[in-house]
Amino acid sequence: MPEADAQPQKKEELLDSLTKGLALLRLFAQGTETLTMQEVAERLEVTRAAARRLLLTLEHNGYLSQNGRQFALTPRVMDLGYAYFASMSLPRLAMPHLKALAADCGETCSVGMLDGESVVLVAREEPSQLLRVDMAIGRRMPAYAHSLGRVLLAGLNDEARAAYLARAELRPLTPFTVRTRAALARTLEQVREDGYCTLVSELVDGFAGISVPLHDQAGKVVAGIGFSMVLGSRNAEQLRERYLAPLRAAAGRIEAVLRAR
């Protein structure tokens, strides 16, 4: 219980800029997908200069992305509270399907979203087995070297994908990691054409992944679902033959739930 002598906060003890920043995030929480600088100024009743500073500060810290005049939230808002983020619609709706997928196929499966140059895991499920893949919710991995990241990058429009390729730092994480922007561009084109990505030993030598995209009601790629596993004696073709059909079936069921909302 609050203390009996607790007093309301004095206005001079409050940080107005933080209050406005939180108010801006709440605008998006009300269901608004994108906002312009003018819309923020009007809704928060601040000047355009103040709205610009708020938007650019949140963008600089990774909580917003900008596309022309439009600003939108990024998955990094999960950093403000993993428990709340886990209750958001996509992870919550995907979990029953992840559980069934992990049980049926005996491999760790995850849902990831793109955040700048990283893929962020927003939901995961692992089977009951001794050997597990260390992939906690909230983990960030380089998008270019992960199968989830590649299906998300392949789902970007041409302008956004070109911008990513121009700024991406392709570090050789293993001897098999893609090394050049040209090679990555060709790979992403193939992933877009195929509708899935199989990746072997590029993030960690001896580990593999296979992923497919998740689309929203408008057909936009908003997330990916995939398996991560120890490769063992298998090759990429065997992974495709074993896991692609179950992944696509699970993705279809999740997309049907999203469309029905």
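Please read all numbers here as calculations on a predicted model, not as lab measurements. (Residues numbered from 1 in each chain as written. Predicted model: local features only at pLDDT ≥ 70, side-chain atom pairs only at ≥ 80, totals over all residues. Heavy atoms only, no water.)

Caption draft 1: Inspection of the overall build of the chain at higher detail. Broken down by element type, the chain carries 9 helices and 8 strands. In the chain, once contacts between residues fewer than 6 apart in sequence are set aside, the share between residues at least 24 apart is 56%. Total accessible area computed for the chain in this model is approximately 14300 Å², and 53% of it derives from carbon and sulfur atoms. (Helix = DSSP H or I, 4+ residues; strand = E, 2+ residues; numbered from the N terminus. Contact = heavy atoms within 4.5 Å. Areas by Shrake-Rupley, 256 points an atom, 1.4 Å probe, with all protein chains shown as cover.)

Caption draft 2: The arrangement of the nonpolar core in detail. Ranked by size, the top nonpolar core spans 31 residues in total, and within it Leu101, Val111, Ile225 and Phe227 carry the most contacts. When residues of this core are traced back to their parent elements, those giving at least two are helix 5 (89–105), strand 3 (108–115), strand 4 (118–125), strand 7 (207–215), strand 8 (221–230) and helix 9 (236–260). Leave out the neighbours within four places in its chain, and Phe227 touches Leu101, Cys105, Glu107, Thr108, Cys109, Ser147, Ala208, Gly209, Ile210, Tyr243 and Leu247. Within the second largest apolar cluster, 20 residues are counted, among which are Leu24, Val46, Leu64 and Val77. (Core = buried A, V, L, I, M, F, W, Y, C linked by side-chain atoms within 4.5 Å. Buried < 20%, exposed > 50% of the residue type's maximum accessible area, 1.4 Å probe, protein only.)

Caption draft 3: Representation of the packing of helix 7 (residues 158–167) against helix 8 (residues 181–194) within the structure. Taken N-terminus to C-terminus, the directions of helix 7 and helix 8 make an angle of 150°; their axes are 10 Å apart at the nearest point. Considering their axes alone, helix 7 and helix 8 lie roughly antiparallel with respect to each other. Here helix 7 and helix 8 pass one another in a crossing that is right-handed. Contact residues: Asp158, Arg161, Tyr164, Leu165, Ala166 and Arg167 in helix 7; Arg181, Leu184, Ala185, Leu188, Glu189 and Arg192 in helix 8. (Axes fitted to C-alpha atoms, helices over the stretch in contact; angles between N-to-C directions. Parallel < 35°, antiparallel > 145°, perpendicular 65-115°, else oblique. Left-handed = near helix turned anticlockwise from the far one by under 90°.)

Caption draft 4: Summary view of the state of the cysteines. This model, assessed by the stated rule, comprises 0 disulfides. With no disulfide of its own, Cys105 has Cys109 as its nearest cysteine by sulfur position, at a separation of 8.0 Å. (Disulfide = S-S within 2.5 Å.)

Caption draft 5: Spotlight on the sheet that holds strand 5 (residues 140–142). The strand order 5-4-3-8-7-6 describes an open sheet built from 6 strands, whose pairing is antiparallel. Where the open sheet ends on each side, the last strands, each with one partner, are strand 5 and strand 6 (197–200). Averaged over all pairs of adjacent strands, the angle between their axes in this sheet comes to 35°, without regard to strand direction. Relative to strand 5, strand 4 is paired through 3 bridges, and the arrangement is antiparallel. When the bridges of strand 5 are listed, Val119 appears paired with Met141. Packed onto the sheet, helix 6 (residues 147–154) meets strand 3, strand 4, strand 6, strand 7 and strand 8 and runs at close to 155° relative to strand 8. (Pairing = 2+ DSSP bridges.)

Caption draft 6: Examining the packing of aromatic side chains more closely. Inspection of every chain in the model, using the stated rule, returns 1 aromatic pair. Ring plane angle 55° and centroid distance 5.0 Å describe the contact between Phe227 and Tyr243, whose orientation is recorded as tilted. In this pair, Phe227 is assigned in strand 8 and Tyr243 in helix 9, connecting sequence segments 16 residues apart. With a relative accessible area of 0%, Phe227 lands in the buried category. (Phe/Tyr/Trp six-rings, centres within 6.5 Å; stacked < 30°, edge-to-face > 60°.)

Caption draft 7: A look at the confidence of the model for the chain. Averaged over the chain, the pLDDT score is 85; the fraction of residues at 70 or greater is 85%. Note that pLDDT drops below 50 for residues 1–9; the model gives that stretch 1 contact with residues more than four away or on any other chain. Contacts from residues 82–87, a stretch scored under 50 in pLDDT, to residues over four places away or in other chains number 10 contacts. (pLDDT = per-residue confidence, 0-100.)

Caption draft 8: Inspection of the side chain of Thr177 at higher detail. For Thr177, the position within the fold is in the loop between helix 7 and helix 8. Owing to a relative accessible area of 3%, Thr177 belongs among the buried residues under this scheme. Only 2.9 Å separates the side chain of Thr177 from the backbone nitrogen of Thr174, close enough to count as a polar contact. Excluding its chain neighbours within four sequence positions, the residues that come into contact with Thr177 are Tyr144, Ala145, Arg171, Pro172 and Glu202. (Polar contact = N/O pair within 3.5 Å; in protein donor to acceptor, adjacent residues only side chain to side chain.)

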